[in-house]
Amino acid sequence: MIRQVQNIWNGLNRRERLLVALALGLFALLLFWALIYRPVHQYPARQEQAYKRAVLDLKLMQKAQKQWQAIGGQAGPTPKSLTPDAFRALLTRTAAEKDLAIVRRQPKGDREVSLWFEGVDSTALYGWMSELVKTYNISIARAQINREEPAGVRAMISFRLEGN
């Protein structure tokens, strides 16, 4: 392979060698710009944008925490009691009503179900979760919610049926 390249190079005249060297130099410069300079140069702006998004998320979570605390401190109506079958059906039905597409579900016995969502609206997801917890004998055992670009969230939420 190297011999073939050497033979081709030796077969070129001075002007052709200069053009090939210039083309390789421009290609190397383009690679340097695209793979090194541009990402390094844009890094601070991307980090600033990520920081601003994180601050907004923090403010949203703090607001939600205050609302959850206010709800917990108030004596509201007694939650509606569900059976295990009605519990699983309710989760599926109400998620579909809120346009929250469940991509995976994993039951953990009769009284706990983990649901996975991809690219769903965070406001709809939080509202749905809040509504379930306030209205029924359901609690959230675990939740893992991550921002998914360009919009929406990816979430894994484990719901537990409380009571008998």
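Only a predicted model underlies this, so the values are computations on that prediction, with no experimental measurement involved.

K.L.:
I keep staring at the overall build of the protein chain and nothing clicks. Help me out?
P.N.:
Secondary structure assignment for the protein chain yields four helices and four strands. Along the protein chain, from the amino end to the carboxyl end, the secondary structure elements read α-α-α-β-β-α-β-β. Since a compact globule built from 164 residues should have a radius of gyration of about 15 Å, the 28 Å found for the protein chain marks it as more spread out than a globular shape. On the principal axes, the C-alpha backbone points of the protein chain span a range of 90 × 35 × 20 Å. Long-range pairs, those at least 24 residues apart, make up 56% of the contacts in the protein chain between residues at least 6 apart in sequence. Summing over all exposed atoms, the protein chain offers an accessible surface of approximately 12,200 Å²; the carbon and sulfur share of this is 59%. For the protein chain, the distance from the average site of its 24 positive side-chain charges to the average site of its 14 negative ones is 8 Å.

K.L.:
I'm lost on the side chain of T94 in this one. Help?
P.N.:
Summarising the element assignment, T94 is placed in helix α3 (residues 84–97). Under the relative-accessibility criterion, T94 is labelled buried at 8%. Ignoring any residue separated from it by four or fewer positions in sequence, one finds T94 in contact with W128 and L132.

K.L.:
So what exactly am I meant to see when it comes to the sheet that holds strand β1 (residues 102–107) here?
P.N.:
The strands that make up a sheet pair up through hydrogen bonds in the backbone, lying either parallel or antiparallel. Taken together, four strands build an open sheet; the order of strands is β1-β2-β4-β3 and the sheet is antiparallel. One side of each edge strand has no neighbouring strand; the edge strands of this open sheet are β1 and β3 (138–147). Ignoring strand direction, the axes of neighbouring strands in this sheet form an average angle of 15°. Sheet analysis places β1 next to strand β2 (residues 112–120), joined by five bridges and oriented antiparallel. Across the sheet, the residue bridging to Q106 is S114, located in β2.

K.L.:
Just checking my understanding: could you explain the layout of surface pockets for this structure?
P.N.:
The probe, sized like a water molecule, is rolled over the atoms to show the empty space still left. Each pocket or cavity is described by its volume, and for the largest pocket that value is around 370 Å³. Along the walls of the largest pocket sit 14 residues, with L60, A64, Q67, W68 and Y126 positioned nearest its centre. When residues of the lining of the largest pocket are traced back to their parent elements, those giving at least two are α2 (14–73) and α4 (122–135). Per-element tally for the lining of the largest pocket: the top contributor is α2, with eight residues. Looking at the lining of the largest pocket residue by residue, the class counts come to eight nonpolar, five polar and one charged.

K.L.:
Just to check I follow, could you spell out the packing of aromatic side chains for this structure?
P.N.:
Any aromatic ring pair is given by two values, namely how distant the centres are and how the planes are angled relative to each other. Counting across every chain of the model gives two aromatic pairs. Geometrically, the ring pair formed by F117 and W128 is edge-to-face, given 5.6 Å between the ring centres and 75° between the ring planes. Taken together, the positions of F117 in strand β2 and W128 in helix α4 put the pair 11 residues apart, joining distant regions of the chain. When the ring of W128 is compared with that of F159, the centres are 5.3 Å apart and the planes differ by 75°; the resulting orientation is edge-to-face. Note that W128 is positioned in helix α4 and F159 in strand β4 (residues 153–161), a separation of 31 residues in sequence. Judged by relative accessible area, W128 falls into the buried class, the value being 1%. Here R104 stacks its cationic end above the ring of W116, 4.1 Å away from the centre of that ring.

Conventions we followed
Residues numbered from 1 in each chain as written. Predicted model: local features only at pLDDT ≥ 70, side-chain atom pairs only at ≥ 80, totals over all residues. Heavy atoms only, no water. Helix = DSSP H or I, 4+ residues; strand = E, 2+ residues; numbered from the N terminus. Rg over C-alpha atoms; globule rule 2.2 N^0.38 Å. Contact = heavy atoms within 4.5 Å. Areas by Shrake-Rupley, 256 points an atom, 1.4 Å probe, with all protein chains shown as cover. Lys, Arg positive; Asp, Glu negative; His and termini not counted. Charge placed at Lys NZ, Arg CZ, Asp CG, Glu CD. Buried < 20%, exposed > 50% of the residue type's maximum accessible area, 1.4 Å probe, protein only. Pairing = 2+ DSSP bridges. Axes fitted to C-alpha atoms, helices over the stretch in contact; angles between N-to-C directions. 1 Å grid on protein atoms, 1.4 Å probe; cavity = no way out; pocket = protein on both sides within 12 Å on 5 of 7 lines; lining within 4 Å. Points joined across faces, edges and corners; volume = space filled by probe spheres on them. Nonpolar A, V, L, I, M, F, W, Y, C, P; charged D, E, K, R; others polar. Phe/Tyr/Trp six-rings, centres within 6.5 Å; stacked < 30°, edge-to-face > 60°. Lys NZ or Arg CZ within 6 Å of the ring centre and 35° of its normal.

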